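Structure assessment
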Amino acid sequence: LRELCDRLVRMAGYPKDTPVGIVERAGCPNQRTVVGNMETIGDIAEKYNVQAPSTIIVGSVVNVLLENNGEGETAQGLIQNMTDAMYV
């Protein structure tokens with residue numbers, strides 16, 4: 001994942017702050033969603049032990065995964081664990 005993000009930054013010109021989301025076990029009762037950016041998503045995925053099957057989403061479309069917490073904060077880390085959402 002870190003290598004993929006590094007290549008997208010170096011070779012495809014993506015900004016380092018490009019949002020990245022990972023949806024683990026999409027559509028299953030134990031679905032989890034983590035978000036970060038090109039620089040942080042590798043550490044976040046490792047911290048939360050994200051496993052296959054997972055779908056990686058890159059770009060501003062990741063913002064669709066985020067619920068506005070009303071305080072203008074940017075969510076990173078584990079934002080959805082089944083039906084729970086949290087901001088870190």
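Residues numbered from 1 in each chain as written. Predicted model: local features only at pLDDT ≥ 70, side-chain atom pairs only at ≥ 80, totals over all residues. Heavy atoms only, no water.

Re the overall build of the chain
Within the chain, the secondary structure is distributed over 2 helices and 5 strands. Helices and strands in the chain line up, N terminus first, as α-β-β-α-β-β-β. Look at the contacts in the chain between residues 6 or more apart in sequence, and 55% of them connect residues 24 or more apart. (Helix = DSSP H or I, 4+ residues; strand = E, 2+ residues; numbered from the N terminus. Contact = heavy atoms within 4.5 Å.)

Here we look at the pairing of strand 2 (residues 32–37)
Taking burial as the measure, the 6 residues of strand 2 include 6 buried ones, the bulk of the element. The two faces of strand 2 match: Arg-32, Val-34 and Gly-36 on one face and Thr-33, Val-35 and Asn-37 on the other face are all buried. As paired strands, strand 1 (residues 19–24) and strand 2 are joined by 6 bridges and run antiparallel to one another. Following the sheet pairing, Val-23 is matched in strand 2 by Thr-33. (Buried < 20%, exposed > 50% of the residue type's maximum accessible area, 1.4 Å probe, protein only. Pairing = 2+ DSSP bridges.)

Digging into the nonpolar core
Cys-5, Leu-8, Val-20, Ile-22, Val-34, Met-38, Ile-41, Ile-44, Ala-45, Tyr-48, Val-50 and Leu-78 form the largest nonpolar core, which has 12 residues in total. The set of elements that each furnish at least two residues to this core consists of helix 1 (2–10), strand 1 and helix 2 (41–47). No other element matches helix 2, which puts 3 residues into this core. Among the nonpolar cores identified, the runner-up in size contains 5 residues, and Val-23, Ile-57, Val-62 and Ile-79 belong to it. (Core = buried A, V, L, I, M, F, W, Y, C linked by side-chain atoms within 4.5 Å.)

A look at the side chain of Glu-24
Its place among the elements puts Glu-24 in strand 1. At 3.3 Å, the side chain of Glu-24 and the side chain of Arg-25 are in polar contact. Setting aside residues up to four positions removed in sequence, Glu-24 forms contacts with Gln-31, Arg-32, Asn-49, Val-50, Gln-51, Pro-53 and Ser-54. (Polar contact = N/O pair within 3.5 Å; in protein donor to acceptor, adjacent residues only side chain to side chain.)

Observations concerning the environment of Glu-46
Position of Glu-46 among the secondary structure elements: in helix 2. With relative accessibility at 55%, the residue Glu-46 sits in the exposed group. It is 9.7 Å that separates the C-alpha atoms of Glu-46 and Leu-1, two residues lying 45 residues apart in sequence.

Some details on a nonpolar patch on the surface
Where nonpolar side chains cluster on the molecular surface, the patch consists of Leu-1, Leu-4 and Ile-56 and spans about 230 Å² of accessible area. Position of Leu-4 among the secondary structure elements: in helix 1. (Patch = residues over 30% accessible without salt bridge, like charges linked within 9 Å, V, L, I, M, F, W, Y side chains within 5 Å. Areas by Shrake-Rupley, 256 points an atom, 1.4 Å probe, with all protein chains shown as cover. Salt bridge = Lys/Arg side-chain N within 4 Å of Asp/Glu carboxyl O.)

Focus on the side chain of Arg-32
Its place among the elements puts Arg-32 in strand 2. On the basis of relative accessible area, Arg-32 is assigned to the buried category, the value being 14%. Polar side-chain contacts of Arg-32 include one of 2.6 Å to the side chain of Glu-24. At a separation of 2.6 Å, a polar atom in the side chain of Arg-32 contacts the main-chain carbonyl oxygen of Tyr-48.

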